[in-house]
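The residues making up each chain are set out below.
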Amino acid sequence: MSVDPDRFTIARALLDHLGLTVADLTDTSSRAVPTVAEYLPRVVAASPGTRRSYRSYWNRMTANLGDRRLDMVAASEIEALMRQATAGARSRRNSRHGRHAGEHFIAAARAFYNRAIADGYIAAADSPAHRVRKPRRLPNTRRALTPQELEEINRAARSGGNDSVLDALLLRLHTETACRRGGALALRLVDLDTDHALIRLTEKGGTQRWQPITPMLATRLLEHAHARGAVAPTDKLLRYRNGQPASCRRYDLLWKRIGRQLPWVAAQGISTHWLRHTTLTWVERHFGYGVARAYAGHTDRRGPATTTYIKADLYAVATALAALTGQPHPLA
């Protein structure tokens, strides 16, 4: 039986209008594929770790593609949104002309579609986000600060501002531990062991580790927390003068203030992560790669197989800290 070309054309046009394919009509076992807007709440609920970083990019996808089914979004549309994110990126001290915004958008889109793949709504090969090339990351401009530069930064933090005590404590904490901002802000009373001069850091991916600090810093942290209202074991350690837990906003204000006092800080876009870079560079130069890796809290297994055997324990990290600060440590 021959097919009438006109009827065939009308049928194809109707399927396109309804957003269906022939496979949708013949595969009775397939589930209804949700739209981007319908699926977003499920992605957000299942991604607590990346919610803060990716939420703005997911909202951009919803605003532009919200009424489209997950399997009806084209790779070219994802790439167009990436270009928009790059062009509209906010200019900051460490801005790279929007390149990071484009990279983060593709990472967010891939995280979104990874959930759809895991839920069986689309095949991995059909993900439009994974068919768009992520912008190549540019070489990092961070470097280790010199002792003189570090001293100037600390002196500027201690002079001026509405809470120089907290500011100086933050810089000391990051210089000793090389921790990330999230790890510092997550510290609670229960995470401080003054007897052994240790803090328990919770950082990327929910990883936890005990990190040595000097006994002097351990005492200062405990005094700071108690003086500002921390009582329960789960109360935050770093707090404002009004007793509220410190937030990321404090870091932004701190570096803006230091940048006004030290123009070279603002010009180079120096931030808290430079302190991590500084400490880990010193540890690697004096104690080797294995100790620096443990000091940084790196647990990934990427790289040569030799890294499996290059491990350092808590005592090696404490020894490096004692050498770095010139203060004895109970575990060194």
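Everything numeric here is computed off the predicted structure, so don't read it as measured data.

S.K.: Mind showing me how you'd approach the nonpolar core here?
M.R.: General note: in soluble globular proteins, nonpolar side chains tend to be found buried as a group. The biggest cluster of nonpolar side chains holds 32 residues, and the ones touching the most others in it are Trp-58, Met-61, Leu-70, Ile-78, Phe-105, Phe-112 and Tyr-113. Of all the secondary structure elements, the ones that give two or more residues to this core are α3 (36-46), α4 (51-65), α5 (75-87) and α6 (99-118). At 10 residues, α6 tops the list of elements feeding residues into this core. When near neighbours in sequence (up to four residues on either side) are disregarded, Tyr-113 contacts Met-61, Leu-70, Val-73, Ile-122, Ser-127, Pro-128, Ala-129 and His-130. Within the second largest apolar cluster, 23 residues are counted, among which are Leu-173, Cys-179, Leu-189 and Ala-225.

S.K.: Got a minute to help me understand the sheet that holds strand β3 (residues 208-212) in this structure?
M.R.: To summarise the sheet geometry, strands pair through backbone hydrogen bonds and adopt either a parallel or an antiparallel arrangement. As summarised here, the arrangement of the 3 strands in space is β1-β2-β3, forming an open sheet in which the pairing is antiparallel. The open sheet has two edge strands, β1 (192-193) and β3, and neither has a second partner. Summarising the sheet, β1 and strand β2 (residues 198-202) pair through 2 bridges and their orientation is antiparallel. Within β2, the residue paired with Leu-192 across the bridge is Ile-199.

S.K.: Sorry if this is basic, but what is going on with the packing of aromatic side chains here?
M.R.: Two descriptors summarise a pair of aromatic rings, namely the distance from one centre to the other and the angle between the planes of the rings. Counting across every chain of the model gives 6 aromatic pairs. Measuring from ring centre to ring centre gives 6.2 Å for Tyr-57 and Phe-105, while their planes differ by 75 degrees; the resulting arrangement is edge-to-face. Placement of the pair is Tyr-57 in helix α4 and Phe-105 in helix α6, with a sequence separation of 48 residues. For the pair shown, Tyr-57 and Phe-105 are each scored as buried. Relative to Phe-287, the ring of Trp-282 lies with its centre 6.1 Å away and its plane at 45 degrees, an arrangement referred to as tilted. An aromatic cluster of at least three residues, connected via ring pairs, comprises Tyr-39, Phe-112, Tyr-113 and Tyr-121.

Cut-offs used in this document
Residues numbered from 1 in each chain as written. Predicted model: local features only at pLDDT ≥ 70, side-chain atom pairs only at ≥ 80, totals over all residues. Heavy atoms only, no water. Core = buried A, V, L, I, M, F, W, Y, C linked by side-chain atoms within 4.5 Å. Buried < 20%, exposed > 50% of the residue type's maximum accessible area, 1.4 Å probe, protein only. Helix = DSSP H or I, 4+ residues; strand = E, 2+ residues; numbered from the N terminus. Contact = heavy atoms within 4.5 Å. Pairing = 2+ DSSP bridges. Phe/Tyr/Trp six-rings, centres within 6.5 Å; stacked < 30°, edge-to-face > 60°.

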